[in-house]
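# Chains, contacts and geometry: an overview
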Amino acid sequence: MSDTVEREVGRSRPRKEDARLLTGQTNWTDNIDVGGLLHLAILRSPMAHARIDRVDVAPALERPGVIAAFSGGDLAEGMGSLPCAWPVTEDIVLPDHPPIAVDEVRYAGDPVAVVVARDRYAAADALEAIEVDYTPLPPVLDLEAALAEDAPLVHSDKGTNRSYLWPLRTGEPFDAVRERAEVTVKRRYVHQRLIPNAMEPRGVVVTPLAASGEYTLYSSTQIPHILRIMLAVVTGVPEHKLRVIAPDVGGGFGSKLQVYGEEAITLAVARRLGRPVKWTESRSEGYLATHHGRGMIQDIEIAADRDGRLLGLKADLLVDMGAYLMLVTPGIPILGAFMYPGIYKMDSYELGVTGVFTTRTPTDAYRGAGRPEATYAIERIMDELAAELGLDPVELRRRNWIGHEEFPYTTIAGLTYDSGNYEAATEKALALFDYDKLRAEQADRNRRGDSVRLGIGVSTYTEMCGLAPSRVLRDLRYAAGGWEAASIRVLPTGKVEVVTGTSPHGQGHVTCWSQIAADVLGVPFEDVQVVHGDTRAAPQGMDTYGSRSLVVGGTAVHHAAQKVVDKARKVAAHLLEASEQDLEFTGGVFSVKGSPDARRTIQELAFETFSSHDLPDGMEPTINAGHVTDPDTFSYPHGTHLCAVEVDTETGQTRIRSYVCVDDVGKVINPMIVEGQVHGGLAQGIAQALYEEAVYDDQGNLVSGTMADYLVPSAADLPDFVTDRTETPSTTNPLGVKGVGEAGTIASTPAVVNAIVDALRPLGVTDVRMPCTPERVWRAIEEGTA
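Residues numbered from 1 in each chain as written. Predicted model: local features only at pLDDT ≥ 70, side-chain atom pairs only at ≥ 80, totals over all residues. Heavy atoms only, no water.

## Observations regarding the overall build of the protein
Defined as follows: Runs of H or I in DSSP of at least four residues are treated as helices and runs of E of at least two as strands, each being numbered from the N terminus. The cut-offs for exposure are 20% and 50% of the maximum accessible area for each residue type, with area from a 1.4 Å probe on protein chains only; residues under the lower value are buried, those over the upper are exposed, and the others partly exposed. It only takes one pair of heavy atoms within 4.5 Å for two residues to be counted as in contact. The Shrake-Rupley method, run with a 1.4 Å probe, gives the accessible areas here. Residue values count only the displayed protein chains as cover. Asp and Glu count as negative and Lys and Arg as positive, but His and the ends of the chain are not part of the count. By convention, charge coordinates are those of NZ in Lys, CZ in Arg, CG in Asp, or CD in Glu.
In terms of helices and strands, the protein carries 21 helices and 28 strands. Along the three orthogonal principal directions, the C-alpha set of the protein runs to about 90 × 70 × 45 Å. When burial is assessed residue by residue, the protein has 62% of its 786 residues classed as buried. Pairs at least 24 residues apart make up 79% of the contacts formed inside the protein by residues separated by at least 6 positions. When the accessible area of the protein is evaluated, it comes to approximately 28900 Å², of which 49% is carbon and sulfur surface. Averaging the coordinates of the 74 positive side-chain charges in the protein and doing the same for the 109 negative ones gives two points 1 Å apart.

## So, the packing of helix 11 (residues 371-389) against helix 20 (residues 743-760)
The test is simple: Every axis corresponds to a line fitted to the C-alpha atoms, with the helix fit spanning only the stretch in contact, and the corresponding angles, defined between N-to-C directions, vary from 0 to 180 degrees. Throughout, the term roughly parallel applies to angles under 35 degrees, roughly antiparallel to angles over 145, roughly perpendicular to angles from 65 to 115, and oblique to all others. Note: crossing handedness is left-handed where the near helix turns anticlockwise from the far helix by less than a right angle, and right-handed where it turns clockwise. We call Asp, Glu, Lys and Arg charged. Ala, Val, Leu, Ile, Met, Phe, Trp, Tyr, Cys and Pro are nonpolar, and the rest, Gly among them, are polar.
In the contact formed by helix 11 and helix 20, the axes pass within 8 Å of each other and the chain directions differ by 30°. Classified by the angle between their axes, helix 11 and helix 20 sit roughly parallel to one another. Judged by the sense of rotation from one axis to the other, the crossing of helix 11 with helix 20 is right-handed. Contact residues: helix 11 offers Arg371, Pro372, Thr375, Tyr376, Glu379, Arg380, Asp383 and Glu384, while helix 20 offers Ile746, Thr749, Pro750, Val753, Asn754 and Val757. Residue composition of the contact of helix 11 with helix 20, grouped by class: six nonpolar, three polar and five charged.

## Some remarks on the layout of surface pockets
Put simply, the test is: A cavity here means a set of points on a 1 Å grid, drawn over the protein atoms and nothing else, where a 1.4 Å probe fits but cannot get out; a pocket is an open set with protein on both sides within 12 Å along at least five of seven lines, and a residue lines either one if it has an atom within 4 Å of a point. Grid points are joined across faces, edges and corners, and a volume is the space filled by probe spheres set on the points.
Of the pockets and cavities examined, the second largest pocket occupies roughly 450 Å³. Leu141, Val190, Arg360, Glu693 and Arg769 are the residues nearest the centre of the second largest pocket, which is lined by 20 residues in total. At the level of elements, helix 5 (143-146), strand 8 (183-194) and strand 13 (293-304) are the ones that each hand at least two residues to the lining of the second largest pocket. Each residue belonging to the lining of the second largest pocket can be placed in one class, and the counts come to eight nonpolar, three polar and nine charged.

## Observations regarding the sheet that holds strand 11 (residues 242-245)
Hydrogen bonds between backbone groups are what pair the strands of a sheet, and the pairing can be parallel or antiparallel. Put simply, the test is: Strand pairing is assigned whenever DSSP identifies at least 2 bridges connecting the two strands.
Strand order in the open sheet formed by seven strands is 3-5-1-12-9-10-11, and the pairing between neighbours is mixed. The sheet terminates laterally at strand 3 (66-71) and strand 11, the two strands that pair on one side only. Taking the axes of each pair of neighbouring strands and ignoring which way they run, one obtains an average angle of 20° across the sheet. In this sheet, strand 5 (residues 111-117) lies alongside strand 1 (residues 38-44) in antiparallel orientation, the contact comprising six bridges. Bridge pairing links Ile42 to Val114 in strand 5. Against the sheet, helix 7 (residues 224-235) engages strand 10 (214-219) and strand 11, with an angle of about 145° to strand 11. Strands in contact with helix 8 (residues 261-273) are strand 1, strand 3, strand 5, strand 9 (203-209), strand 10, strand 11 and strand 12 (277-280); relative to strand 9, the strand with the most contacts, it is inclined by about 30°.

## A word on the packing of aromatic side chains
We apply this condition: Side-chain rings of Phe, Tyr and Trp, where Trp is taken by its six-membered ring, are said to pair if the distance between their centres is within 6.5 Å; with planes under 30 degrees apart they count as stacked, over 60 as edge-to-face, and otherwise as tilted.
Under the criterion given, the structure shown has ten aromatic pairs. Taking the centre distance of 5.6 Å and the plane angle of 80° together, the rings of Tyr287 and Tyr710 count as edge-to-face. Placement of the pair is Tyr287 in helix 9 (residues 283-289) and Tyr710 in the loop between helix 19 (671-690) and strand 28 (721-725), with a sequence separation of 423 residues. For Tyr287, a relative accessible area of 1% translates into the label buried. Looking at Tyr710, the relative accessible area reads 0%, which means it is buried. For the ring pair Phe433 and Tyr435, a centre distance of 6.5 Å and an interplane angle of 35° mean the geometry is tilted.

## Side note on helix 18 (residues 602-611)
Helical geometry note: an α-helix holds 3.6 residues per turn, so side chains three or four residues apart project in the same direction. If you check which residues of helix 18 are buried, you get Ile602, Leu605, Ala606, Thr609 and Ser611. Buried positions along helix 18 lie against strand 19 (484-490), helix 16 (509-521), helix 17 (549-576), strand 22 (583-586), strand 23 (589-592) and strand 24 (595-601). At the C-terminal side of helix 18, Ser612 shows a positive phi close to 60°.

## Things to note about the pattern of salt bridges
Where charged atoms from two side chains of opposite charge approach closely, those side chains can pair. Spelled out, the test is: Salt bridges are defined as contacts in which a side-chain nitrogen from Lys or Arg sits within 4 Å of a carboxyl oxygen from Asp or Glu.
All told, the structure shown has 68 salt bridges when counted by the stated rule. For Glu8, the salt bridge goes to Arg13, with nearest N and O atoms at 2.9 Å. Comparing Glu8 with Arg13, the two get one shared label, buried. Linking Glu384 and Arg187 is a salt bridge whose minimum nitrogen-to-oxygen distance equals 2.9 Å. Here Glu384 is found in helix 11, whereas its partner Arg187 is found in strand 8, with 197 residues between them in sequence. When salt bridges that share partners are traced, they join Glu441, Asp444, Arg445, Arg447, Arg448, Asp450, Glu646, Arg655 and Arg657 into one network.

Here it is, written out as structure tokens:
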């Protein structure tokens, strides 16, 4: 690469990954086929809570094609409890979580027995032959009722449905702030359960190598490295005998940041039979068995003076854990705990989180993981405070946000935001949105008593992402670290292999990592290949979640590439008979200052190192290098989202008329990929506001268990988005980058709901519970006008 070649970082490169995706050359877990492959199907409990009195799998063995069948009792020996890696308090109630139920089922969908057959259809058909006797037990569904002294218990041996109580209090006591406040506003917000809908369902294939006791497990997972460690613990298979591969993975959104019972069951069955075994989830099965997201009641109180200056914030959260604590279940609300103050300055902050067991599918990470809930609470209550004070909601935010000249700024929650410019993002968004013109139109419609009301919603957000550093995670009682690894191999022919510990599933890591490495090394983008998702090929990593991959993993790639350049410099200095200090490195070429004809490319040096004919004394014959990075702090993207909706007061129908967002994600590696991430995030955040909800009946049965009942919006249900960016580089990593994968989801939900409430406020409406369906909007109007 010469110094005249355009830099890769900042270019909208089409993704390297897309050619295979578009031509059907992908390798999804369900595509994997090996000789002698058996298929596994799982019988699940139809009841939310019951004692298992008898399981008889013998009739299933008589069905055609069936090889084996096992009850939970049959598989219990040699299998431990599924792990929870985030016990957030010392006294947390942490029940055992068997991969397959033995004595009691605790949610509809809990595994009870398995069938193994020659094909998946024979296995599925044979499930109906298994005989199970249950004694029904009372379901536990209401979060507040679950904490009553006489409530039925999800885990009777624990004596309580409270998993933990986690407090955070900083600044002045909130009671003192409340006393001197001129205005206080209290609201209750409810976050419905959401069901992740990754395009690819979960799947597992296990292939044993009987002679050596080794196993290769393919899984549609976000976390191959973590999964390997945890499955070794759960099943007793030695870690060095277990290889985990995440092949092509079709989306995750947190739902594949998990160690699932099905992975342990499939491994245990393959180990027992000595045959390769596959399990693939059906879509309706996934609605029951893949962990859910959100599920929270928030009681929020904000205090301010008459001019709108914030004094304090108090938040009490009841959080639905579901039946068990899965990998990071209890930690999800803790991720959001530090973000309730948002971008605002105040004197007091108090928060209490209570985790509650219910007889529903366990919850865990879902895109944003605790931070969408926090942003929703503060951005909704800010609009309510603005209405109470008679202020424009943007003006109230201006009076309270952290000024750009105040960074770095330590918030009332204890986080230090390194950089930001909320003013710039907001001004750009207001101009793109034509805010004043829309406000004038809204006032005119309200004066005329229009049946279709116009509402304007505001959301000025920030988030903590780049899940790290390890010492902070230690203090929060998280079992793992936040580091990430990368290594770079420059092959003798000058081509480059980047080995990364991140594990992409749609984010574009292969493209972006190639751009980062190409710039540092000065090699063509096309000459870089990225290796990932295989614990043998990429043995060290902490995987992908929490908008951490670029901030942590991309930084590791940058540092590893820089180390390659530093090692190559020694070889170049030796061959060019110059000191290292006299060498310049530009566009992949080392040259001697003042003697431009004396030059060697880094790719030429790779071959010289391979041949090792003339290296500096004592130097290893390689310029390959690796790096493990452990950031000192999080990164903090931010932005302003504005939404205009039209609400038909006669039908309750809501239509998004326009949506503008201006995000600041620091330096951008690939603008096209950033755009895609923002658009996808917006779709999921709007989905929570308007469409999606996991609904249970009073017996704990999921009644929104198919896409006919659980409304996942398509492109036709969403507006055109106007997106733009401002740029304040992060000061905590050499790339200046911040996360982007969850930004759209975090910001959009309150923007939409704020717009709906803004439209209906003249009719006495102060809240509409999500999702804001036409019926709920219509009922809110009826109650408000009454």
